[in-house]
Each structure stands twice: as C-alpha cells, then as structure tokens.
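Results of the structural survey
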Amino acid sequence: MTQIIGYACINTHLKKVGITTNRGVRKVTLNRTGNQLISQLALQNSKDLHTIIKWNADNNIRMFRISSDLFPWGNKVDITQLPDYTEIRAVLESAGKLARECGQRLSAHPGPFNLLASPKERVIQDTIADLELHSQMFDMLGLECSPYNKINIHIGATYGDKETAIRTWIQNYHKLSDNCRSRLTIENDDKASMFSVRELYDMVHTKIGIPIVFDYHHHRFCSGGLSEQEALELAMSTWPIGIVPAVHYSESKALHENDSKIRPQAHSDYLSNMVNTYGHEIHIMLECKMKEDALLKYRQDFLEKKLL
DNA sequence: ATAGGTCAAGCGAGG
DNA sequence: CCTCGCTTGACCTAT
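Please read these numbers as outputs of a predicted model, since none were measured by experiment.

Each value, and the rule that gives it
- Residues numbered from 1 in each chain as written.
- Chains lettered and ligands numbered in written order.
- Predicted model: local features only at pLDDT ≥ 70, side-chain atom pairs only at ≥ 80, totals over all residues.
- Heavy atoms only, no water.
- Domains from an automatic or database assignment.
- Contact = heavy atoms within 4.5 Å.
- Buried area = accessible area lost by both parts, 1.4 Å probe.
- Salt bridge = Lys/Arg side-chain N within 4 Å of Asp/Glu carboxyl O.
- Helix = DSSP H or I, 4+ residues; strand = E, 2+ residues; numbered from the N terminus.
- Nonpolar A, V, L, I, M, F, W, Y, C, P; charged D, E, K, R; others polar.
- Phe/Tyr/Trp six-rings, centres within 6.5 Å; stacked < 30°, edge-to-face > 60°.
- Lys NZ or Arg CZ within 6 Å of the ring centre and 35° of its normal.
- Buried < 20%, exposed > 50% of the residue type's maximum accessible area, 1.4 Å probe, protein only.
- Near = heavy atom within 4 Å.
- Polar contact = N/O pair within 3.5 Å; in protein donor to acceptor, adjacent residues only side chain to side chain.
- Pairing = 2+ DSSP bridges.
- Right-handed = clockwise from strand over helix to strand, strands pointing away.
- Lys, Arg positive; Asp, Glu negative; His and termini not counted.

By domain assignment, chain A separates into domain 1 (1-107) and domain 2 (189-308). The partner domain 2 presents 24 residues to the 20 residues of domain 1 that form the contact. A per-residue breakdown of the area domain 1 buries against domain 2 is headed by Gln-3, Ile-5 and Arg-105, which together make up 34% of the total. In this assembly, domain 1 and domain 2 are joined by one salt bridge. A total of four residues in the side of domain 1 that touches domain 2 trace back to one element, the largest contributor, which is strand S1 (residues 5-8). Taken together, the residues of the side of domain 1 that touches domain 2 break down into ten nonpolar, eight polar and two charged.

Counting across every chain of the model gives five aromatic pairs. Site record: aromatic cluster; members linked through ring pairs are Phe-214, Tyr-216 and Tyr-249. Seen from the ring of Phe-195, Lys-162 lies directly overhead, with NZ or CZ sitting 5.6 Å from the centre.

Looking now at the environment of Pro-147. Among the secondary structure elements, Pro-147 is positioned in the loop between helix H5 (121-141) and strand S4 (151-154). You can call Pro-147 buried: its relative accessible area is 7%. Sequence separation between Pro-147 and Cys-180 is 33 residues, and the spatial gap between their C-alpha atoms is 9.9 Å. Apart from the residues lying within four places of it in its own chain, the contact partners of Pro-147 are Arg-105, Ser-182, Arg-183, Thr-185, Pro-211, Trp-239, Pro-240 and Ile-243.

Turning our attention to the protein's contact with DNA strand C. Taken together, 26 residues sit near DNA strand C, with Lys-15, Arg-26, Thr-29, Pro-112 and His-154 positioned nearest. Near the protein, within 4 Å, the atoms of DNA strand C are sugar or phosphate in 65% of cases. Between DNA strand C and Arg-32 there is a distance of 3.5 Å, counted from a phosphate oxygen to a side-chain nitrogen or oxygen. Within the surface near DNA strand C, the residues separate by chemical class into seven nonpolar, nine polar and ten charged.

Turning our attention to unusual backbone geometry. For Tyr-159, which is not glycine, the phi dihedral falls at a positive 55°. Relative to the elements of secondary structure, Tyr-159 occurs in the loop between S4 and helix H6 (162-173). When its relative accessible area of 40% is taken as the criterion, Tyr-159 is described as partly exposed. Phi angles above zero are rare outside glycine, and Tyr-278 is one such case at about 55°. Mapped onto the fold, Tyr-278 is located in the loop between helix H11 (253-256) and strand S8 (283-286). On the accessibility criterion, Tyr-278 (26% relative accessible area) is partly exposed.

Time to look at the pairing of strand S5 (residues 184-187). Residue alternation in S5 divides its side chains into two sets, Leu-184 and Ile-186 and Thr-185 and Glu-187, and both sets are buried. One ladder, built from four bridges, connects S4 with S5; its direction is parallel. For His-154, the partnering residue across the bridge sits in S5 and is Glu-187. Examined bridge by bridge, S5 and strand S6 (residues 212-215) share two bridges and lie parallel to one another. Counted as the bridge partner of Ile-186 is Ile-212 from S6. With respect to chirality, the unit in which S5 leads through helix H8 (residues 197-208) into the neighbouring parallel S6 is right-handed.

Attention now goes to the side chain of Glu-187. Following the sequence through the fold, Glu-187 ends up in strand S5. Arg-65 is the oppositely charged side chain nearest to the buried, salt-bridge-free Glu-187, at an N-O distance of 5.8 Å. A distance of 2.9 Å separates a polar atom in the side chain of Glu-187 from a polar atom in the side chain of His-109. For Glu-187, the side chain forms a polar contact with the side chain of His-248, separated by 3.2 Å. For Glu-187, the contacting residues outside a window of four places in its chain are His-109, Asn-152, Ile-153, His-154, Leu-200, Val-213, Asp-215, His-218 and His-248.

Pasting the structure below:
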C-alpha cells in the first residue's frame, strides 16, 4: 500500500532558487506603496505555487498544504479588485487543475489568529475574513467543497470556560459561507488545558458534524484520556464516507537535540520514527522544519527501505 | 551583500 | 511582564 504523505507550505529546494509563495509586505511599506504591491506579490506567489505543485507532481508527492501567505493582506482587501486579479485567477485555476490531474490533495491551515470562539467581535470578523479568503483561494483553484480539500483550524482558546467557548464557536461557524463551511475541519490542540479529540468529538462534532483532523504530536500534550489509537480512530469516524481522513504527524525537536531550552511542542527538522497508522488508510501531513526534504527522507527511510 | 532587528493578527504557558 | 510557539519566516534597514 502506498502511503500518501504531504508537506506544508514551503519547498526548501525551490526556495533556494527563489521560488516561494510567502512573499509579503509590512504595514509601513504598504502604506507607501498601496495595493499595487499586494497584487504583484500575490501574482508572483501564485505563479510559484504552480511551480511547487508541478515539482510535487514530478516527485510523486500527492499531498501539499498551501501557504496562508499567498495573498498578503488578503483578508483586509477585496482581492477581486487587485489590478492583477484576472491573471492571478487564471494562474490559480491552472495550478488547481494540475493538482487535480495528478491526484494531489491540497489543503490549508489558517493561522492561530483564527479564533471563532473569541468573545471579541473584531477577532470574529477578522477570523471570518481570513477563513473566507482561504475558501475564495480554494474556489479559484477549483478545489472541492469538501474536507478532501480541508481548511483546518483549531478552536485555539477556552477563555476559561470551554462550554461557552464552544457555544460561541458554533454560533460563529454558522456565519461562514457554504463553501467555506463545507471545507472546514478542526484539529486537537497541543495544550492540556485546551481541546482534545475526545472533547472536539463530544462538544463539536456531535453538534455540527465537522470532521476532526488528528494530530499525533498534539495528542501527546492533550490526550483527553484516550490512547493514540483510540483518538485516531475516533477522529477518523468523523470523516464522511469516501474521503480519506487527513492527519498531522510531527516529532518534538527536543527529542532530537539535547537542549533544554527547546520547548517540547517545537517541530523537529526530520522524522526518526515511522507513523503508526494502526492499519488504517489515512493521508498524513508531515510537519517538519525541513519540509519536502524531510518527506523524501521519510519515504526513503520507511517506505522504500521497508520493501528490502 | 549580508546580518540582525523587527514585524499584522490571539491566546496560553513558561521563565 | 516578556518571549515563545503556533500554520509558515520574511521584510527592511543599517552596516
């Protein structure tokens, strides 16, 4: 069985030759230059996304996370009004088509500032704008309106009261567009005080049916009393029939390096262990600092060598 | 040309 | 109170 594994946002090999989807601009510069610069950066980022997707295809990589930085300040401006919008749209359409043709599963993981449970109205509005931007990008790429192409976020905060936080979260979830909601997934947190798979299942999934992305690494910090296998299988049970559940896998940097200053939550450069799928079919997003290089090494160490 | 300081956003943990 | 970590380091200025 070929294992589908993916990597996130950055291709270190291509980055060395200037290919990146993460060009941005700081506020002070933007105030000087205006939206023209945003447009140029977004166009260049989009072209490079196409290049990365092509590279993935050529290297038989069938899962990839799109950067949330593709449109700098995209959640603050109407991207359809950018001077290069038509060209950006065409480039993304072509990139998405390429991904579909080679069965490359694309997803996104909007930043930790996306907090639908916040009691602050401004935070909610910013979150909705950012999630809708991601969904808009996915629309332009021609990606499915399903968690196959997931837009994955955390609940991310409790505000001292989990019940209230979840109630708020669900209330705001319903403010999202159909397209955005249909792609949205939630992931278990990496702090003991936050949301485990068990809690996501009981408090959120049973209410609105949203799929849960199981993160192996986070589970070690917030197990909710479940074993790894139990949490994986509970998360898997939340996915619609016909869509292979996606999971996240990473290892602690602290395990690899003897430095007490490194926090256990930090991700390692490469992986030294094979993912235990417990015999299940899952698509695995590898989160390593060395990105596609870590994926290639993982494949060589654990998937190809195994055949010998 | 490169290094180092700084940078949009929220929250919680640790020092 | 400040820094780190998180999705993802990258921008920008001074040397």
